[in-house]
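Observations on the model geometry
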There are 2 protein chains.
Amino acid sequence: MGKPQDFSPLDLANGRYGRNELTEVPDFNSTLEVLLGHRSVRAFVPERLAEGTLELLIAAGQSAPSSSNLQVWSVLAVEDPLRRARLSQLAGNQVHVAQAPLVLVFLADLARVSTLAQQQGETISGPDYLDTYLMAVIDAALAAQNVVTAAESLGLGSVYIGALRNKPEEVAAELGLPPKVFPVFGLVIGQPDPLRPASVKPRLSQRAVLHREQYSVEQQDAAVADYDAVITAFQRSQGLPQQPWSQQVVSRLRGPEALNGRDRLLEAISNLGFTLN
Amino acid sequence: MGKPQDFSPLDLANGRYGRNELTEVPDFNSTLEVLLGHRSVRAFVPERLAEGTLELLIAAGQSAPSSSNLQVWSVLAVEDPLRRARLSQLAGNQVHVAQAPLVLVFLADLARVSTLAQQQGETISGPDYLDTYLMAVIDAALAAQNVVTAAESLGLGSVYIGALRNKPEEVAAELGLPPKVFPVFGLVIGQPDPLRPASVKPRLSQRAVLHREQYSVEQQDAAVADYDAVITAFQRSQGLPQQPWSQQVVSRLRGPEALNGRDRLLEAISNLGFTLN
């Protein structure tokens, strides 16, 4: 995972941007070191996590805020190698899904509250609104990001698998999901392979992302042009094919043919029992 | 913020559940202490954040994973007291929105990539799919949760303001948002008022939330019954009105009248320039 402790806090913060972005770091601690040093890991050694680690990671996840404390999310831990191999296939053959010892699937879970209403003899329509679906997705995302941070603090690596949304119904069938439970994304966790270390990927300048008081487009063009240069330099350093970021994102969002099945998500979630009023 | 260092790691983890949930904590560090010790803070002193702190928090936020590195999110920092007061009103008169020195509004931002496509003379339809909207919401949520963790590591407190979705168009107008930019939620940040300390809110048992290999409903009923007892004990200890959680969540999701305007989110995001194919 590299040795962030070799760098000053300011170096570490600016490493996130591949350029001199910040001029000062007013305060620092080991949690900020974990957060700023994040890299997505796609090469793992097969060793299982130590006993009790999964439960500790989930406790960190459950410590994230939950909208109105509804806790409309669940998480499914997959360790079975055959099931991981099938999930890997469903996620566009991402080899690390099969290779790492643990795949967590984060679930937007409106089944739990629907069951409770039924048990209480109540008819409720709240779960049938887009905002409620969104709450469930956001609850799951906040919890997942806490798990990522907890895992990295323990020296573990992880990577999100958004491609589980390529084939949501197949994933739901594989995982035995009841109606109104949606697989938001996967999260692969394991010990990073020390022979194939991952790098910190630079991000857009704060001039593009951080707005003050009102939304501003003024500095976006210059910030994107600078970032295109940073990203192509990063690609070169990694031996990757070079393409400016501004072209990558347009290609990725060109149209349904570039979405790998995710253009039919609305239909898929309807098939999974959701209504989005 | 209490003194988590007075407790053992196992105490701290079990404090999250208000019961003996875990039997061991195999490894521990100060980042886990921050994560497990989270509490939502709704009482702040008015002092502004130290110079450079906002930029450091945003760097932590941008360090969160972003789907395909599309970075389809932005964040808007509101410090102007009058604007915070107006946002407070729009969010159901939550007084801490006006009281704390900083309100971050996290934005699902499909405007940036749409502008890039336009500048390149490309017509793209990717932004018009539910999955792309979801990516933007998730990107924003992952970044926001990193900001929460970073802030807490620095001794700051925070609370999410989902109620910004009660009136999305009014919030968008207040913040000058262009089309295809959606305010996902607010995040209030400041120094916690030491005279009104917040408590750790217990969560559902892992028996309800964590599933192994396939989704399981077997233990949910018992876990919810246990949790109802934990939550009413917590409410009693806080001097709050007592209502079992299983009834709270059903009330909160009874129907449109309980959603405070969020039943019209689909219409609102259409008004904000989004298409959800």
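Per an unreviewed UniProt entry, chain A goes by Nitroreductase and derives from Andreprevotia lacus DSM 23236. Of chain A, the UniProt comment under Sequence similarities (unreviewed entry) reads exactly: "Belongs to the flavin oxidoreductase frp family."

To continue, consider the overall build of chain A. The helix and strand inventory of chain A stands at 12 helices and six strands. For a compact globule of 277 residues, the expected C-alpha radius of gyration is about 19 Å, and chain A comes in at 20 Å, within 12% of that figure. Over its C-alpha atoms, taken along the principal directions, chain A stretches across nearly 60 × 45 × 40 Å. Counting all 277 residues of chain A, 61% fall into the buried class. A total accessible area of about 10,200 Å² is found for chain A, and carbon and sulfur atoms account for 49% of it. Looking at chain A, you have 23 positive and 29 negative side-chain charges, and the mean spots of the two groups are 6 Å apart.

Residue and element names in this part refer to chain A. This model, assessed by the stated rule, comprises 14 aromatic pairs over all chains. Centre to centre, the rings of Tyr133 and Phe182 are 5.6 Å apart; their planes meet at 50 degrees, and the pair counts as tilted. Highlighted residues: Tyr133 in helix α7 (residues 130-153) and Phe182 in strand β5 (residues 181-192), separated in sequence by 49 residues. As far as burial versus exposure is concerned, Tyr133 and Phe182 are alike and both buried. Geometrically, the ring pair formed by Tyr133 and Phe274 is edge-to-face, given 5.5 Å between the ring centres and 70 degrees between the ring planes. Separated by 141 residues along the polypeptide, Tyr133 in helix α7 and Phe274 in the segment after α12 (265-271) bring together distant segments of the chain. By the burial criterion, Tyr133 is buried, and Phe274 matches it.

Now for the interface of chain A and chain B. Taken together, the contact pairs 123 residues of chain A with 123 residues of chain B. Where chain A abuts chain B, roughly 10,600 Å² becomes buried across the two surfaces, and 60% of that area is made up of carbon and sulfur atoms. Our count for the contact surface shared by chain A and chain B stands at 10 salt bridges. Here chain A is connected to chain B by 72 residue pairs in polar contact (both at pLDDT 80 or more). Here the side of chain A that touches chain B takes 15 residues from α7(A), the largest share from any one element. Here the residues of the side of chain A that touches chain B are counted per class, giving 67 nonpolar, 33 polar and 23 charged.

Attention shifts here to the relation of the copies chain A and chain B. When chain A is brought onto chain B, the operation consists of a screw motion whose angular component is 180 degrees and whose axial shift is 0.0 Å, with 0.0 Å RMSD remaining. Accordingly, the operation relating the two chain copies is best matched by a two-fold axis. If distances are taken from each C-alpha of chain A to the rotation axis, the shortest is found for A:Thr31, at 2.5 Å. Comparing interface residues between copies, 100% of those in chain A also sit at the interface in chain B, which points to an isologous, same-surface contact.

The next thing to look at is the side chain of A:Asp228. One can find A:Asp228 in helix α10 (residues 220-237). The charged side chain of A:Asp228 is buried without a salt bridge, its nearest counter-charge being B:Arg112 at 11 Å. A polar atom in the side chain of A:Asp228 sits 2.9 Å from the backbone nitrogen of A:Trp245. When neighbours within four sequence positions are excluded, A:Asp228 is seen to be in contact with A:Pro244, A:Trp245 and A:Ser246.

On to the pairing of strand β2 (residues 73-78) of chain A, then. Most of β2(A) sits out of view: six of its six residues are buried. Along β2(A), one buried face is formed by A:Trp73, A:Val75 and A:Ala77 and the opposite face, lined by A:Ser74, A:Leu76 and A:Val78, is buried too. Taken together, the three bridges between β2(A) and strand β6 (residues 210-212) of chain B define a ladder with parallel strand orientation. Bridge pairing links A:Val75 to B:Leu210 in β6(B).

Moving on, we get to the domain arrangement of chain A. Residues and elements named next belong to chain A. On domain assignment, one finds that chain A holds domain 1 (1-37), domain 2 (53-197) and domain 3 (200-277). Taking the mean C-alpha position of each, domain 1 and domain 3 sit 23 Å from one another. Counting residues at the interface gives eight residues for domain 1 and 10 residues for domain 3. For the pair domain 1 and domain 3, the summed buried surface comes to about 750 Å²; carbon and sulfur atoms form 47% of the total. On the domain 1 side of the contact with domain 3, Arg16, Tyr17 and Arg19 bury the most area, a combined 65% of that side's loss. One can count one salt bridge joining domain 1 with domain 3.

Consecutive side chains of a regular strand alternate in pointing toward one face of the sheet and then the other. All names here are of chain B. Across the five residues that make up strand β4 (residues 157-161), a large majority, five, are buried. Across the two faces of β4 the burial is the same, with Gly157, Val159 and Ile161 and Ser158 and Tyr160 all buried. Of the pairings in the sheet, the one linking β4 to strand β5 (residues 181-192) comprises five bridges and is antiparallel in character. Paired with Val159 across the bridge in β5 is Val188.

Before going further, it helps to spend a moment on the packing of α7(A) against helix α7 (residues 130-153) of chain B. When two helices pack together, their arrangement is given by the angle between their axes and by how far apart the axes lie. Here α7(A) crosses α7(B) at 45 degrees, and the two axes come no closer than 8 Å. The orientation of α7(A) relative to α7(B) falls into the category oblique. α7(B) is crossed by α7(A), and the crossing has right-handed handedness. Across the interface between the two elements, A:Tyr133, A:Leu134, A:Val137, A:Ile138, A:Ala141, A:Leu142, A:Gln145, A:Asn146 and A:Thr149 from α7(A) touch B:Tyr133, B:Leu134, B:Val137, B:Ile138, B:Ala141, B:Leu142, B:Gln145, B:Asn146 and B:Thr149 from α7(B).

Counting through the fold element by element, B:Val249 comes out in helix α11 (residues 245-252). Of the residues examined, B:Val249 reaches a relative accessible area of 2% and is grouped as buried.

This part takes up the UniProt feature "domain: Nitroreductase" (unreviewed entry) in chain A. The feature "domain: Nitroreductase" (unreviewed entry), as annotated in UniProt, sits at residues 37-190 of chain A in this numbering. For residues 37-190 of chain A, the end-to-end C-alpha separation is 17 Å, with 43% helix and 20% strand making up the annotated structure.

So, on to the side chain of B:Glu21. All names here are of chain B. Counting through the fold element by element, Glu21 comes out in the loop between α1 (9-15) and α2 (30-36). At 3.1 Å, the side chain of Glu21 forms a polar contact with the side chain of Ser205. With residues up to four places along the chain from it excluded, the contact list for Glu21 reads Asn14, Ser205, Gln206 and Arg207.

The rules behind each value
Once a new chain begins, its residue numbering starts again from 1 and follows that chain's sequence as written. Numbering of ligands from 1 and lettering of chains from A proceed in the order in which they are written. In keeping with the predicted nature of the model, local features appear solely for residues at pLDDT of at least 70, side-chain atom pairs appear and are counted solely at 80 or more, and the whole-chain, interface and lining totals rest on all residues. The side-chain values count all of the structure's non-hydrogen atoms but skip hydrogen atoms and water molecules. UniProt positions are given in the numbering used here, feature names are shortened, and annotations may be inferred rather than shown by experiment. Secondary structure elements follow DSSP: runs of H or I no shorter than four residues count as helices, runs of E no shorter than two count as strands, and numbering proceeds from the N terminus. Radius of gyration here uses only the C-alpha atoms, and the compact-globule reference equals 2.2 Å multiplied by the residue count raised to the power 0.38. Think of it in three bands: residues with accessible area under 20% of the maximum for their type are buried, residues over 50% are exposed, and the middle band is partly exposed, with areas taken using a 1.4 Å probe on protein chains only. To measure how exposed things are, a 1.4 Å probe is used in the Shrake-Rupley method; for residues, cover is taken only from the protein chains shown. Just so you know, the count uses Lys and Arg for positive and Asp and Glu for negative, and it drops His and the chain ends. Every charge is mapped to an atom, namely NZ of Lys, CZ of Arg, CG of Asp or CD of Glu. In this scheme Phe, Tyr and Trp rings, the latter by its six-membered ring, pair at centre separations within 6.5 Å, and the angle between planes marks the pair as stacked below 30 degrees, edge-to-face above 60, and tilted otherwise. Contact between two residues is taken to exist if any of their heavy atoms lie within 4.5 Å; hydrogens are not considered. By buried area we mean how much accessible surface two parts lose on assembly, using a 1.4 Å probe and totalling the loss over both. The salt bridge definition used is simple: a Lys or Arg side-chain nitrogen within 4 Å of an Asp or Glu carboxyl oxygen. Any N or O atom pair separated by 3.5 Å or less is treated as a polar contact, with the protein-specific requirement of one donor-capable and one acceptor-capable atom, and with residues adjacent in sequence counted only for side-chain atom pairs. We call Asp, Glu, Lys and Arg charged. Ala, Val, Leu, Ile, Met, Phe, Trp, Tyr, Cys and Pro are nonpolar, and the rest, Gly among them, are polar. The copies were overlaid with a least-squares fit restricted to C-alpha atoms from residues scoring a pLDDT of at least 70 in each copy. Strand pairing is assigned whenever DSSP identifies at least 2 bridges connecting the two strands. Per the annotation, domain bounds derive from an automatic or database assignment of domains. Helix axes are fitted to C-alpha atoms over the stretch in contact, other axes to C-alpha atoms as well, and angles between N-to-C directions run from 0 to 180 degrees. Orientation is classified from the angle alone, with under 35 degrees giving roughly parallel, over 145 giving roughly antiparallel, 65 to 115 giving roughly perpendicular, and any other angle giving oblique. It is the rotation of the near helix from the far one that decides the hand of a crossing: anticlockwise by less than a right angle makes it left-handed, clockwise makes it right-handed.

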